[in-house]
Amino acid sequence: MTSLPKFVEFHEEGPREGFQFEKTLFPLEKRLALIDALAQTGVSQIQVASFVHPKVVPQMADTEELFARLKPRPGIAYTGLWLNERGFERALKVPNITLQGGLNFYASDAFSRMNNNRSAIEVRDAQRAWVLLYADAGVPLETAHIMTAFGCNLEGAIATSKVTSLVRWIADLCHDLDIKLPKIYLCDTVGWAAPNTIRRMVDAVREIVPEARIGLHLHDTRGLGAANFFAALEMGIDLFDSSVAGLGGCPFCGHSSAAAGNICTEDMVFMCHELGIETGINLEALIEAAQLAESIFGKTLTGHVMHAGSLKNFRNAKQLAAV
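A brief look at the structure comes next. Model, not experiment: these values are computed from the prediction.

Calculation notes
Residues numbered from 1 in each chain as written. Predicted model: local features only at pLDDT ≥ 70, side-chain atom pairs only at ≥ 80, totals over all residues. Heavy atoms only, no water. Buried < 20%, exposed > 50% of the residue type's maximum accessible area, 1.4 Å probe, protein only. Helix = DSSP H or I, 4+ residues; strand = E, 2+ residues; numbered from the N terminus. Pairing = 2+ DSSP bridges. Right-handed = clockwise from strand over helix to strand, strands pointing away. Core = buried A, V, L, I, M, F, W, Y, C linked by side-chain atoms within 4.5 Å. Contact = heavy atoms within 4.5 Å. Phe/Tyr/Trp six-rings, centres within 6.5 Å; stacked < 30°, edge-to-face > 60°. Lys NZ or Arg CZ within 6 Å of the ring centre and 35° of its normal.

Regular strands show a simple pattern: their side chains alternate between the two faces of the sheet. Within strand β2 (residues 45-51), seven of the seven residues are buried, which leaves the element mostly enclosed by the surrounding structure. Of the pairings in the sheet, the one linking strand β1 (residues 9-12) to β2 comprises two bridges and is parallel in character. Its bridge partner lying in β2, E12 is registered against I46. Remark: the β2/helix α3 (residues 63-69)/strand β3 (residues 77-82) crossover connection has right-handed handedness.

This is the structure in structure tokens:
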């Protein structure tokens with residue numbers, strides 16, 4: 001265990017994860033309203049949509065129009081997700097997008113075949129071409145995501161060696177091409193992680209690439225999201241994907257639509273603030289954004305702080321009473 005970080009960076013994924021996971025098609029106006037509300041909270045990055053085939057994910061069919069109608073706020077990265085070259089070509093053409101190159105890997109071969117129709121090895125080997133494609137397009141390589149890093153509903157628990165072999169491959173690739181090692185995200189794609197596996201996997205990756213910045217993409221599928229987040233904080237991790245109000249999930253992993261999604265941004269920000277960790281985020285504004293999301297989705301969402309409120313008003317009342 002290392003000391004807690006002094007500052008934690010959150011990459012907000014609710015606008016993509018949440019709307020993509022739902023079967024309902026929401027009007028662009030509502031999606032844009034949530035994105036703008038999040039932009040007023042102090043988050044540094046918002047993943048607003050994905051460039052995927054509309055027949056597979058019809059909820060993202062209007063991604064180009066969404067980006068065109070964005071009203072970006074300074075200092076915020078508005079990003080998108082693509083899984084193939086066609087999606088990247090679409091992303092290159094839209095306005096208001098912050099292009100960030102990402103590599104994608106699968107620790108589970110079964111999940112890779114279901115999600116990408118290719119083996120994990122085939123996906124891995126294709127990433128070299130992606131590095132060159134990003135370089136040709138002038139897009140910086142920012143991240144490498146290792147999906148199903150902790151377990152898979154189709155394949156079971158994932159051996160640490162599967163993840164570390166991918167990390168070694170990434171490190172060797174960057175060395176061969178003389179490029180900077182990207183941020184390495186360990187992704188609990190379908191909710192298998194526990195605090196002990198978080199610690200073990202982070203330790204194993206750090207042993208191989210001590211210079212890398214490690215991020216975590218965590219889900220709260222089985223209720224361990226906050227515990228896993230805290231375990232990661234104890235390991236000094238300072239970079240997380242999260243979703244406002246706990247939106248999202250994985251549409252390809254066999255969970256019911258009622259399953260919890262990503263770790264909830266406002267709940268994790270609240271934890272950080274209670275621990276004395278800075279985030280640069282206005283928690284009260286984030287709670288308002290979460291409540292807006294609940295109104296848009298028309299159902300009770302899984303966040304806790306959005307319903308209970310922060311402790312700000314209670315503390316203020318105690319302070320006034322003491323005067």
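Of all hydrophobic cores here, the largest spans 89 residues; its most connected members are I146, V163, L186, F229 and F240. Take this core: its biggest share by element is eight residues, from helix α11 (residues 283-297). Those residues within four positions of F229 in sequence are excluded, and the remaining contacts are F10, L218, F240, I263, M268, M271 and C272. The next biggest cluster of nonpolar side chains, apart from the first, holds ten residues, and it includes V123, M147, C152 and Y185.

Attention now moves to the environment of W82. On the secondary structure map, W82 appears in strand β3. By relative accessible area, which is 6% here, W82 ends up buried. Residues W82 and G101, 19 residues apart in the sequence, show an inter-C-alpha distance of 9.7 Å. Discounting residues that sit within four places of it in the chain, W82 has contacts with F51, G87, F88, A91, L99, Q100, N104, W130 and Y134.

Another point: the packing of aromatic side chains. Going through the model one piece at a time under the given rule, you end up with 14 aromatic pairs. Pairing F51 with F67 gives two aromatic rings, centres 5.7 Å apart and planes at 15°, and the pair type is stacked. In this pair, F51 is assigned in strand β2 and F67 in helix α3, connecting sequence segments 16 residues apart. The residues F51 and F67 share a single accessibility class, namely buried. Taken together, the ring pairs in this structure connect W82, F88, W130 and Y134 into an aromatic cluster. Lying over the aromatic face of F19, R31 brings its terminal NZ or CZ to 5.7 Å of the ring centre.

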